[in-house]
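What the coordinates show
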Amino acid sequence: MRVLYALYHDPDSAQQAYDSLRANGATPGFNERQIAVLTSEPFDGYDFFQQDHKTVIPWIAALGGLVGGVSGFWFAAYTQAVYPIPTGGMPIVPFYADGIITYELTMLGAILATLISVLITARLPDWRRKFYDAEVSDGKILVGVIDAPDTSRAEVEKRLLEAGAAGVKEFLA
Amino acid sequence: MSEKTIAQINDDLLRPVLRTTKRFWIAVLLLGSVVAAGVGAFLYQAWNGIGVWGIDRPVFWAFDITNFVFWIGISHAGTLISAILRIADAGWRRPVTRCAEVITLFALMIGGMFPIIHLGRPWLFFWMIPYPSERQIWPQFRSALAWDFFAIGTYLTGSFIFLVYPIIPDFALVRDKVTGWRKKLYTVLALGWRGTPRQWHRLETAMHIMAIVIIPVAVSVHTIVSWDFAMAPVPMWHSTIFGPYFVAGAIFSGIAGLIIAMAFLRKVLSLEDYLLPVHFDNLGKLLLTMCLIWVYFIFSERLTVWYGNESAEMAVFWTTQRGPFAPLFWTMVFCNFIIPFPLLAIKRFRSTITGVVIASWTVVIGMWLERYLIIVPSLSHKYLPYAYGTYRPTWVEVTILVASNAAMGLLYILFSKLVPIVAIWELKVGSHKPPLVRHQVSVVRTSPVGASTANGDGLLTTDL
């Protein structure tokens, strides 16, 4: 993997670089997947930050809640049915009381489903060496092209510099 | 409004993590000593049995359960407040949220410990956990005490995740700034975070979902704690308003706890540029609102009991109004209303950090007394006058109470040594304005470019 990239101080310059790399005409025209963006904070509202915006996590959370709720009720009711404790005319499987266990485990199911789906879809944890530049932590915005063809290398560098970068860097892995 | 560059923000907020001052070690030593004393008292009790406590028939719940309810209440400061402010997108929340979320986690840990201590034989606490026992004894799921296990377990899990998600980008920031063993530690903790749009979007989605889910969980937790009492036919416990009354009290004491913690951190970690008077003023307004709601609930509860004039309830009522518990009751009213109300209602006092912090201290004391006054007077004056009892705490219970407060401070300080106590990336988000027009740069992309925009020098205007 080879990434040609530049670092920008402000989101408008990063947006300019992104647009420039995507624009057709005298080659580039890279698609979203070919352009790498790394930031130290979210930049909602900028196009360069819109990659991978769509997610089904809310639905997974809802499903997790459903599974949690059903298993919570089953857990409480099954236990009460298998080890019945008669208490002065009270039902063996009391719906009000079991409703509380059902409610709590519904929420727990949603929470755990969110956790697991976020870790999987955000591809965390991943401690392998990946494309990164520690300057991002200083607030700079990284915009680059993944595996740009050699023929367009000069044009990529030109466009990155034109957007306001101090220099172009290369990452090889 | 203050101007800070990103580098300054990083430096200011990473300083407590990267540099260890003498003040830090003194605080750890002092608080650690008190915690050690508490551990000693606990071991003494474990060795000698619960006879070393002041409890006796008919008062079987006292300090430990008071502490349990109190700490669970304090836990409402964090995740609940943070979640509400996140959903409301209150910009001023940014420096506050992590301070608050940490309180929840530690308060739940400390609070959850007290029922275990209260068991008398704490090493058998796992009997509460539902597991296929070889003795075929299962927890009684209809018991209100089993509900606590699920409610607190869910809230603790949710609060932990709610706290940890937004810390991951800050762990990555620390990873990039340190060397040696710290680099290795934070590399592991950062989980390989790089800051791709995908990672940010997932984080934001998760925080939205968690904020929505955690609010009803937080409400349910203290409602269920209140039902530990309300499900029992004990005078002045068997009340339908106990759920909302406890939740309101929990948020009241929680906000007070948060204000005290913020003032403490502001001083000790030199965060004067980040935790501003406006934050204390805003939290002071919330505290004032809860103060009035608390008064409404306590009046409503007392009025209905007095008007009902049921003899067993009136026995408890009068013991708190003009009997042996009256000094504590009226101290509670002073601490929860008479002192904080003017301090918070009059802008001149509320706009000073000192005024809000004094009000918060009185509220914390008053709310601990409130929990005590819910439990002990009712248990000591149940239905049979010849079985009335009394209760006085022993040094063991007092030591454990004091140690639990010290444990909160100690855990807080140790946490701030490991993690930036103000969410750095969230603060940065608040410092840049979103684009006025989407594609605004796209419009000019064909024109010659090269000049950076106004923010090219990296200067931030932090809108705190």
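Rules behind the numbers
- Residues numbered from 1 in each chain as written.
- Chains lettered and ligands numbered in written order.
- Predicted model: local features only at pLDDT ≥ 70, side-chain atom pairs only at ≥ 80, totals over all residues.
- Helix = DSSP H or I, 4+ residues; strand = E, 2+ residues; numbered from the N terminus.
- Buried ≥ 20, exposed ≤ 12 C-beta atoms within 10 Å, placed from the backbone.
- Contact = placed C-beta atoms within 7 Å.
- Pairing = 2+ DSSP bridges.
- Axes fitted to C-alpha atoms, helices over the stretch in contact; angles between N-to-C directions.
- Parallel < 35°, antiparallel > 145°, perpendicular 65-115°, else oblique.
- Left-handed = near helix turned anticlockwise from the far one by under 90°.
- Nonpolar A, V, L, I, M, F, W, Y, C, P; charged D, E, K, R; others polar.
- pLDDT = per-residue confidence, 0-100.
- Core = buried A, V, L, I, M, F, W, Y, C linked by C-beta atoms within 7 Å.

All right, on to the overall build of chain B then. For chain B, the helix and strand inventory stands at 19 helices and two strands. Residues classed as buried in chain B amount to 49% of the 464 residues present. Restricting to contacts in chain B with at least 6 residues of sequence separation, those with at least 24 account for 82%.

Here the focus is the sheet that holds strand S2 (residues 35-38) of chain A. Residue and element names in this part refer to chain A. Judged by pairing direction, the sheet is antiparallel, and its four strands sit side by side in the order S2-S3-S1-S4 without closing on themselves. Only two strands of the sheet have a single neighbouring strand rather than two, namely S2 and strand S4 (169-172). Going from strand to strand, the sheet's axes swing by 25° on average, the running direction of each strand aside. Of the strands in this sheet, strand S1 (2-8), S2 and strand S3 (141-146) touch helix H1 (residues 11-22), which is tilted by about 10° from S3.

Before going further, it helps to spend a moment on helix H7 (residues 168-177) of chain B. Most of H7(B) is tucked away, with nine of its ten residues classed as buried. Listed in full, the buried residues belonging to H7(B) are Ile168(B), Pro169(B), Asp170(B), Phe171(B), Ala172(B), Leu173(B), Val174(B), Arg175(B) and Asp176(B).

What follows concerns the packing of H1(A) against helix H4 (residues 153-162) of chain A. All names here are of chain A. Direction vectors running N to C along H1 and H4 enclose 150°, while the axes themselves pass 8 Å from each other. Considered as vectors, H1 and H4 are oriented roughly antiparallel to each other. Judged by the twist between their axes, the crossing of H1 over H4 is right-handed. Side by side, H1 and H4 meet where Ala-17, Ser-20 and Leu-21 of the first sit next to Val-156, Arg-159, Leu-160 and Glu-162 of the second. For the contact of H1 with H4, the residue count by class is four nonpolar, one polar and two charged.

Moving on: the interface of chain A and chain B. With 64 residues of chain A at the interface, the matching set in chain B holds 60 residues. Mapped onto the side of chain A that touches chain B, the elements with two or more residues apiece are H1, S2, helix H2 (57-82) and helix H3 (95-121) of chain A. Sort the elements by how many residues they give to the side of chain A that touches chain B and H3(A) lands first, with 15 residues. For the side of chain A that touches chain B, the residue count by class is 33 nonpolar, 18 polar and 13 charged.

So, about unusual backbone geometry. Excluding glycine, residues mostly have negative phi values, and the peptide bonds linking residues are mostly trans. The amide bond that connects Leu124(A) to the next residue, Pro125(A), takes the cis arrangement and shows omega of -5°. Cis peptide bonds are those with omega within 30 degrees of zero, and the linkage from Arg57(B) to Pro58(B) qualifies with 5°. Note on placement: Pro58(B) falls in the loop between helix H2 (22-48) and helix H3 (63-74). Even without glycine at this site, Arg123(A) takes up a positive phi of about 55°.

What follows covers the pairing of S3(A). Two faces, one strand: in a regular strand the side chains alternate between the faces of the sheet. Residues and elements named next belong to chain A. Of all six residues in S3, five are buried; the element is thus mostly enclosed. Relative to S3, S1 is paired through six bridges, and the arrangement is antiparallel. From the neighbouring strand, Tyr-8 faces S3, where its bridge partner is Ile-141.

A separate point is the confidence of the model for chain B. The predicted coordinates of low-pLDDT regions are not to be read in fine detail. Mean pLDDT over chain B works out to 86, with 89% of the residues at or above the 70 mark. Predicted as a complex, the structure gets a pTM of 0.87 and an ipTM equal to 0.92.

Moving on to the confidence of the model for chain A. For chain A, per-residue confidence averages 89 on the pLDDT scale, and 98% of positions sit at 70 or higher. When pLDDT is averaged over each helix and strand of chain A, the minimum, 87, is found for S4(A) and the maximum, 94, for H3(A).

Here we take up the environment of Gly355(B). All names here are of chain B. With respect to the helices and strands, Gly-355 occurs in helix H16 (residues 353-380). Residue class for Gly-355 comes out buried when judged on the 21 C-beta atoms lying within 10 Å of it. Ignoring any residue separated from it by four or fewer positions in sequence, one finds Gly-355 in contact with Leu-343, Phe-349 and Arg-350.

One finds Phe252(B), Ile255(B), Leu258(B), Ile259(B) and Leu287(B) to be the most contacted residues of the largest nonpolar core, which totals 159 residues. Discounting chain neighbours no more than four positions away, the residues touching Phe252(B) are Met290(B), Cys291(B), Trp294(B), Val363(B) and Met367(B). Counting residues in each nonpolar core, the second largest holds 30 residues, with Tyr5(A), Ala6(A), Val37(A) and Phe49(A) among its members.

Our focus in this paragraph is the packing of H3(B) against helix H9 (residues 197-230) of chain B. Residue and element names in this part refer to chain B. Interaxial distance between H3 and H9 falls to 10 Å at its minimum, and their mutual angle equals 165°. For the element pair H3 / H9, the angle class is roughly antiparallel. Helix-helix and strand crossings are classified by hand; for H3 and H9 the assignment is left-handed. Here H3 contributes Val-69, Ile-72 and Gly-73 to the contact with H9, which in turn contributes Val-221, His-222 and Val-225. Its residues assigned to classes, the contact of H3 with H9 comprises four nonpolar, two polar and no charged.

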